[in-house]
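Residues per chain are reported as follows:
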Amino acid sequence: MISMGLFLMALGSFFMWYLWAFFQKSSRMDHWVETPCLIEKSEIETGLNQRHGKKYTLVTAYRYQFNGHEYLGNRFKRIQPVSSHQEKIASLVEETPVGTKLVCLVDPANPGSAVLKKDTKRAIFSIWFPGLFALGGLGIVISTIRQG
């Protein structure tokens, strides 16, 4: 029983760490600098996913200047949007038409890193769920030790 409790604790703790790390990365984007950019490419790339079904990926390219240097960005978000539904990606292409001047977010510590849209911080709202597994596992370990 102790091994099952330890497994649940480890599993819950890992997913709590993962969600916390995602939240931290998203929070750092609050300090990125809004910078004008010009969209040079916005299109859908079609490919196959692991199950050989169609997948659609947003492909973007935009130019921006930061601290007197010109950069070429290609990320819509930190993790590039991919979907099996073409209309989802098509709506993002409509948001970023070629020739449009938008605002991108530039990492001041690494100006070559920019995104058009900030990551969500919603991961923090789910952290309680794997926490239940970690606490449940701890409860199993404690009750097993008390009984034995």
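Everything below is about the structure shown above.
Residues numbered from 1 in each chain as written. Predicted model: local features only at pLDDT ≥ 70, side-chain atom pairs only at ≥ 80, totals over all residues. Heavy atoms only, no water.

Caption draft 1: Region of interest: a nonpolar patch on the surface. Among the surface-exposed residues, F7, L11, F14, F15, W17 and Y18 lie close enough to one another that they form a single nonpolar patch of about 660 Å² accessible area. Taking relative accessible area as the criterion, L11 reaches 33% and is therefore assigned partly exposed. (Patch = residues over 30% accessible without salt bridge, like charges linked within 9 Å, V, L, I, M, F, W, Y side chains within 5 Å. Areas by Shrake-Rupley, 256 points an atom, 1.4 Å probe, with all protein chains shown as cover. Salt bridge = Lys/Arg side-chain N within 4 Å of Asp/Glu carboxyl O. Buried < 20%, exposed > 50% of the residue type's maximum accessible area, 1.4 Å probe, protein only.)

Caption draft 2: Expanded view of the environment of L72. Mapped onto the elements, L72 comes out in strand β3 (residues 69-73). Classification of L72 as partly exposed rests on a relative accessible area of 48%. Residues L72 and L38 lie 34 residues apart in sequence; the distance between their C-alpha atoms is 9.6 Å. If we skip the residues at most four places from it in the chain, L72 touches E40, A61, Y62, R63 and Y64. (Helix = DSSP H or I, 4+ residues; strand = E, 2+ residues; numbered from the N terminus. Contact = heavy atoms within 4.5 Å.)

Caption draft 3: Focus on the environment of E94. Relative to the helices and strands, E94 is located in helix α2 (residues 86-95). You can call E94 exposed: its relative accessible area is 65%. Sequence spacing of E94 and L19 is 75 residues, and the spatial spacing of their C-alpha atoms is 30 Å.

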